[in-house]
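Architecture at a glance
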Amino acid sequence: MTIQHAADLLSSARRGLALTGAGVSAESGIPTFRGEGGLWTRYDPVKVASINYFMSDPAAYWKVSKERGGVALAAKPNPAHQALARLESEGHISAVATQNTDGLHQDSGSKRVIELHGSGRMVECLDCGHRESRAQVQKRLDDEMPPRCPACSGTFLKPTVILFGEPMPQVAVREAFDLAGQADVMLVVGSSLVVFPAAEVPLIAVRSGAAMIVINAEPTPVDRLAEVVIHGRAGEVLPEILRAMPISA
Ligand code: APR
């Protein structure tokens, strides 16, 4: 019944909003951060993903980022990404607000993607502002650690992701909060919802009267506020929900 209930809610949604986390990309081969096999079970996030750490030792940062960055660059969208793109194209959700920096929502055709934690697809020099693609920098990492800026030879090339201790992208946060305040359906997919302000988005939506659907492999702190909770794999559950939705003309 929960699948049908979720399908009914999404079918009638006109101002739906989706919030996604690492769980939506897990089936694309990108490890999550928390939970089983999560990156933070191997590394201390404050150590390897904070701006202070990056500034104190860019090489140490890049040694960890080299592996994850390589996996993310090779990853392809999975059926969960594709389902969200279809929900948008059929007018059931107006945007995907994501904590992910892998760019897979855009690759799967989502048009309005709000990147709350920046993008891992670009790299910027903190000294001279030079920007280049992560793919280009990734190729140099076997020879250069940390990678050097080709414009100023500096060693502070940083992926355009938001590290712990960095200010959040205000425009993106504002946009997500505004859409949450207007949402009729809030769809949370693949997030432990422990990192703020991203985790505030579903709370704003519920407080504003939205019906919430949570799809996550494990329980989340907002399950009790949700109308539908499905503990499962997003790449299986979302297509099943789409199949249960009446075919739109
Ligand atoms: N389908 C659905 N959910 C899944 C799947 C899957 N296939 N695989 C794992 N999950 C769930 C896990 O159970 C976990 O609760 O996805 C959730 C991912 O949670 P986190 O790893 O904490 O990722 P996220 O919520 O995106 O983290 C938020 O924390 O470390 C920072 O900046 C980083 O953006 C990240 C933020």
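See the structure shown above.
Just so it is clear, the structure is predicted and the values come from calculations on it, not from any experiment.

What counts and how
- Residues numbered from 1 in each chain as written.
- Predicted model: local features only at pLDDT ≥ 70, side-chain atom pairs only at ≥ 80, totals over all residues.
- Heavy atoms only, no water.
- Near = heavy atom within 4 Å.
- Polar contact = N/O pair within 3.5 Å; in protein donor to acceptor, adjacent residues only side chain to side chain.
- Areas by Shrake-Rupley, 256 points an atom, 1.4 Å probe, with all protein chains shown as cover.
- Core = buried A, V, L, I, M, F, W, Y, C linked by side-chain atoms within 4.5 Å.
- Buried < 20%, exposed > 50% of the residue type's maximum accessible area, 1.4 Å probe, protein only.
- Helix = DSSP H or I, 4+ residues; strand = E, 2+ residues; numbered from the N terminus.
- Contact = heavy atoms within 4.5 Å.
- Axes fitted to C-alpha atoms, helices over the stretch in contact; angles between N-to-C directions.
- Parallel < 35°, antiparallel > 145°, perpendicular 65-115°, else oblique.
- Left-handed = near helix turned anticlockwise from the far one by under 90°.
- Nonpolar A, V, L, I, M, F, W, Y, C, P; charged D, E, K, R; others polar.
- Right-handed = clockwise from strand over helix to strand, strands pointing away.
- Pairing = 2+ DSSP bridges.

Here's the deal with the site of the ligand
- Lining the immediate environment of the ligand, one finds 23 residues, of which Glu-27, Arg-34, Ser-191, Ser-192 and Glu-218 sit closest.
- Separating an oxygen atom of the ligand from a side-chain N or O atom of Glu-218 is a distance of 2.4 Å.
- Within the backbone of Ala-234, a nitrogen or oxygen atom sits 2.9 Å from a nitrogen atom of the ligand.
- Across the complex, the protein chains shield 92% of the 730 Å² of accessible surface that the ligand would expose by itself.

Description of the nonpolar core
- Judged by nonpolar contacts, the single largest core of 28 residues is most densely connected at Leu-10, Leu-84, Leu-187, Ile-213 and Ile-241.
- Elements that contribute at least two residues to this core include exactly α1 (2–12), α5 (79–89), β2 (93–98), β7 (185–189), β8 (211–216), β9 (228–231) and α10 (234–244).
- Apart from the residues within four sequence positions on either side, Leu-187 is in contact with Leu-10, Leu-17, Ala-18, Leu-19, Leu-84, Leu-87, Ile-213, Ile-215 and Leu-238.

Examining the packing of α1 against α10
- Contact geometry for α1 and α10: axes closest at 8 Å, N-to-C directions at 65 degrees. With respect to each other, α1 and α10 are oriented roughly perpendicular. The chirality of how α1 crosses α10 is right-handed. Across from Ile-3, Gln-4, Ala-6, Ala-7 and Leu-10 in α1, the residues of α10 making contact are Val-237, Glu-240, Ile-241 and Ala-244.
- The class makeup of the residues in the contact of α1 with α10 is seven nonpolar, one polar and one charged.

Overview of the pairing of β7
- In terms of burial, β7 is largely enclosed, as five of its five residues are buried.
- What you see with β7 is no split at all: Val-185, Leu-187 and Val-189 on one side and Met-186 and Val-188 on the other are buried throughout.
- Taken together, β7, helix α9 (residues 200–207) and β8 form a β-α-β motif whose crossover is right-handed.

A few points about the sheet that holds strand β4 (residues 118–125)
- The strand order β5-β4-β6 describes an open sheet built from three strands, whose pairing is antiparallel. Looking at strand neighbours, the two that pair on one side only are β5 (131–133) and β6 (157–161), the edges of this open sheet. Pairs of neighbouring strands in the sheet enclose a mean axial angle of 35 degrees, with direction left out of account.
- With three bridges joining them, β4 and β5 adopt antiparallel strand pairing. Looking at β5, one finds that Glu-124 is bridged to Arg-131.

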